[in-house]
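# Structural features, examined
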Amino acid sequence: MKSTNIYVIHGYTSSSKSEWFPWLKEQLKDSSIKVNVPDMPDSGDPHLEPWRKHLHKCIMDIDENTILIGHSLGCITALRYILEKNIKIKGAILVSGFINKNPMKEQTEGIQEFVDSPLDIARIKSLIPKRIAITAIDDDIVPTEATQKLAEELDANLIILESGKHFIARDGYTKFPVLLSEIKKLIGT
């Protein structure tokens, strides 16, 4: 059986060594699943073009067994990437994501670039047959409503957790069992 490639695209001010990313890699290391978390360029001052180019360099093996996981700003980055590649993948899990409008207190010119042009929703749905969005009621960075809107637009399965905030390390979120469970369901293990 062909291995599953998972690419996790982190968000604003994050890195591959942050949040629950190392834990996720560790959980899946002895399986036929490969987890890749590219370090996005200048995550403290992100801009769409460098992030777009970086993903094209980092994501080498993409096919119907690929799962994209986006966290926060990484969600819209993943969606834009799949539209550019125009390749059907297994699915996407979007954690604390948003679409069409930056709902964060942090409003920079760079972040605005990610939401400036509308996404082709119909094509996203055809390229990503299984779509899951995860949010927490107490998210203090990307309001739950923004992730609900993302799920609505994409017709994604929405999971709303009672707690978890923005699913980042400073909130104590260094493990993510709900996400791991969703990955296993997607893969069918």
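Under an unreviewed UniProt entry, the name given to the protein is Hydrolase YdeN, and the source organism is Clostridium beijerinckii.

### Description of the pairing of strand β6 (residues 157-161)
Summarising the sheet, strand β5 (residues 130-136) and β6 pair through 5 bridges and their orientation is parallel. Among the inter-strand pairings, Ile132 is bridged to a residue of β6, identified as Asn157. Assessed by its sense of winding, the connection that carries the chain from β5 through helix α6 (residues 144-154) to β6 is right-handed.

### A word on the packing of aromatic side chains
This structure, assessed with the given rule, holds 6 aromatic pairs. Plain terms: the ring middles of Tyr173 and Phe176 are 5.1 Å apart, the flat faces sit at 85 degrees to each other, and that makes the pair edge-to-face. Among the residues examined, Phe176 registers a relative accessible area of 0% and is labelled buried. Clustering of aromatic rings is evident, with ring pairs tying together Trp20, Phe21, Phe167, Tyr173 and Phe176.

### A short note on the nonpolar core
By size, the foremost hydrophobic cluster in this structure holds 38 residues, and its most contacted members are Leu68, Leu79, Leu119, Ile128 and Leu154. When contributions to this core are tallied by element, the ones reaching two or more residues are β1 (4-9), α2 (48-58), α3 (73-85), β4 (91-95), α4 (109-115), α5 (121-127) and α6. Counting residues per element, this core draws most heavily on α3, which supplies 8 residues. Residues within four places of Leu119 in sequence aside, it is in contact with Ile76, Leu79, Arg80, Leu83, Ile99, Asn100 and Ile124. Ile33, Ile93, Ile134 and Phe167 belong to the second largest nonpolar core, which has 27 residues in total.

### A closer look at the side chain of His54
Looking at the secondary structure, you find His54 in helix α2. Judged by its relative accessible area of 18%, His54 is buried. Excluding its chain neighbours within four sequence positions, the residues that come into contact with His54 are Pro38, Asp39, Met40 and Pro41.

Quick notes on the rules
- Residues numbered from 1 in each chain as written.
- Predicted model: local features only at pLDDT ≥ 70, side-chain atom pairs only at ≥ 80, totals over all residues.
- Heavy atoms only, no water.
- Pairing = 2+ DSSP bridges.
- Helix = DSSP H or I, 4+ residues; strand = E, 2+ residues; numbered from the N terminus.
- Right-handed = clockwise from strand over helix to strand, strands pointing away.
- Phe/Tyr/Trp six-rings, centres within 6.5 Å; stacked < 30°, edge-to-face > 60°.
- Buried < 20%, exposed > 50% of the residue type's maximum accessible area, 1.4 Å probe, protein only.
- Core = buried A, V, L, I, M, F, W, Y, C linked by side-chain atoms within 4.5 Å.
- Contact = heavy atoms within 4.5 Å.

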